[in-house]
Amino acid sequence: MMESLGRVIQQTFGIKIGDSDGLEYICGGCGVMVKEKDIPIIAGPNKGTTRRLKIMCKCEDNKLAKEILEENHRNRFNKYQSRNLISDELRDCSLDNYIPHDQETKSALQHAKTFIKRVQEGDNKNIIFAGSYGTGKSHLAKSICNALQSFGKPYIFISAPRLFQEIKTSYNQSSDVSEYDLINELIAVDVLVIDDLGAEYVKKKYDKDGNEIIEDVEHSWTNNIYFNILDGRQGK
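1. Comments concerning the layout of surface pockets
One number sums up the size of the largest pocket: a volume of about 1,300 Å³. Taken together, the elements giving at least two residues each to the lining of the largest pocket come down to helix H3 (88–91), helix H4 (103–120), helix H5 (137–149), strand S5 (191–195) and helix H8 (216–232). Top element by residues in the lining of the largest pocket is H5. It accounts for six residues. Taken together, the residues of the lining of the largest pocket sort by class into 18 nonpolar, twelve polar and nine charged.

2. Digging into the sheet that holds strand S2 (residues 33–40)
The strands making up a sheet are joined through hydrogen bonds of the backbone, oriented either antiparallel or parallel. Taken in spatial order, the three strands line up as S1-S2-S3 in an open sheet, and their pairing is antiparallel. Looking along the sheet, the strands with just one partner apiece sit at the ends: strand S1 (24–26) and strand S3 (50–55). With strand direction ignored, the average angle separating the axes of adjacent strands in the sheet is 30 degrees. Relative to S3, S2 runs antiparallel, the two being bridged by six bridges.

3. Here we look at the nonpolar core
One finds Leu 95, Leu 140, Ile 144, Cys 145, Leu 148, Tyr 155 and Phe 157 to be the most contacted residues of the largest nonpolar core, which totals 20 residues. Looking at this core, the elements that each hand over two or more residues are H4, H5, strand S4 (155–159) and S5. For this core, the element with the highest residue contribution is H4, accounting for six residues. Other than its neighbours up to four places away in sequence, Leu 148 contacts Phe 115, Ile 116, Val 119, Gln 120, Lys 153 and Val 191. In terms of nonpolar packing, the next biggest core, distinct from the first, is built from 16 residues, Ala 160, Leu 163, Phe 164 and Ile 229 among them.

4. Some details on H4
Over its 18 residues, H4 runs 26 Å from end to end, which matches the ideal 26 Å to within 8%, given 1.5 Å per residue. Every buried residue of H4 is listed here: Thr 105, Ala 108, Leu 109, Ala 112, Phe 115, Ile 116 and Val 119. Axial view of H4: buried residues confined to an arc of 120 degrees, hence all on one face. Residues of H4 that are exposed and point over 90 degrees away from its buried face: Gln 103 and His 111. Buried residues in H4 make contact with H5. Sitting at the amino-terminal end of H4 is Asp 102, which places a side-chain oxygen 3.2 Å from the backbone nitrogen of Glu 104.

5. Details of the packing of aromatic side chains
The relation between two aromatic rings is expressed through the spacing of the ring centres and the mutual angle of the planes. Enumeration according to the criterion identifies three aromatic pairs in this entry. Summarising the aromatic geometry, the rings of Phe 164 and Tyr 226 are spaced 5.2 Å apart at their centres and angled 90 degrees between planes, so their arrangement reads as edge-to-face. Of this pair, Phe 164 sits in helix H6 (residues 160–169) while Tyr 226 sits in helix H8, and the two are 62 residues apart along the sequence. Look at Tyr 226 and you get buried, because its relative accessible area is 12%. When the centroid spacing of 6.4 Å and the interplanar angle of 65 degrees are considered together, the rings of Tyr 171 and Trp 221 count as edge-to-face. One end of the pair, Tyr 171, is in the loop between H6 and helix H7 (179–188); the other, Trp 221, is in helix H8, with 50 residues separating them in the sequence. A relative accessible area of 43% places Tyr 171 in the partly exposed class.

What counts and how
- Residues numbered from 1 in each chain as written.
- Predicted model: local features only at pLDDT ≥ 70, side-chain atom pairs only at ≥ 80, totals over all residues.
- Heavy atoms only, no water.
- 1 Å grid on protein atoms, 1.4 Å probe; cavity = no way out; pocket = protein on both sides within 12 Å on 5 of 7 lines; lining within 4 Å.
- Points joined across faces, edges and corners; volume = space filled by probe spheres on them.
- Helix = DSSP H or I, 4+ residues; strand = E, 2+ residues; numbered from the N terminus.
- Nonpolar A, V, L, I, M, F, W, Y, C, P; charged D, E, K, R; others polar.
- Pairing = 2+ DSSP bridges.
- Axes fitted to C-alpha atoms, helices over the stretch in contact; angles between N-to-C directions.
- Core = buried A, V, L, I, M, F, W, Y, C linked by side-chain atoms within 4.5 Å.
- Buried < 20%, exposed > 50% of the residue type's maximum accessible area, 1.4 Å probe, protein only.
- Contact = heavy atoms within 4.5 Å.
- Expected span 1.5 Å × (residues − 1).
- Arc of directions from axis to C-beta.
- Polar contact = N/O pair within 3.5 Å; in protein donor to acceptor, adjacent residues only side chain to side chain.
- Phe/Tyr/Trp six-rings, centres within 6.5 Å; stacked < 30°, edge-to-face > 60°.

This is the structure in structure tokens:
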């Protein structure tokens, strides 16, 4: 016949576990029904005394789980930060220091504010800033990253030429990352900004007679990379 732990301890050590009758309640921390018991200390300098424990309480487990999640978040943040190559003029960008100079840039600023608000509310969306050089597209994109990072969303901010340069570098045997690793990071990160989209096509090549060489293979490769990233980020 099986005996209770309290009875075994009492028979072995001569110490009785208090039932603490009446101290059964729902814990305000974890919401679980707990019962306090006086548990004997059977060894060490405090042998023979008791310690009151909350049986079934999940507060310590929840605290540990929270600490693990926070540590994982810090590790993810540090991991993604290593991919960010941001110029000094973009590092401290915010919507507050963005200066629109016409109706189009005023509208872009408003769209950025709306986008941040919707993402914070859990409505995952995408946004594209298009326009001529010097209109502040990168400033707005980095401002969005900074705002969302303060809400616990790590980001990767990378230019398109740099992205494809890193992917090509991953093909070297000495590389410690693969194309698969890089693309998975871009898929997994909460916020992804690909700056200067299309700049990877700007560099033209010519034959000996000066005729432009259209490299369909190169374009097909870059388009395939974009597809894999965007397809993997569906719903993010």
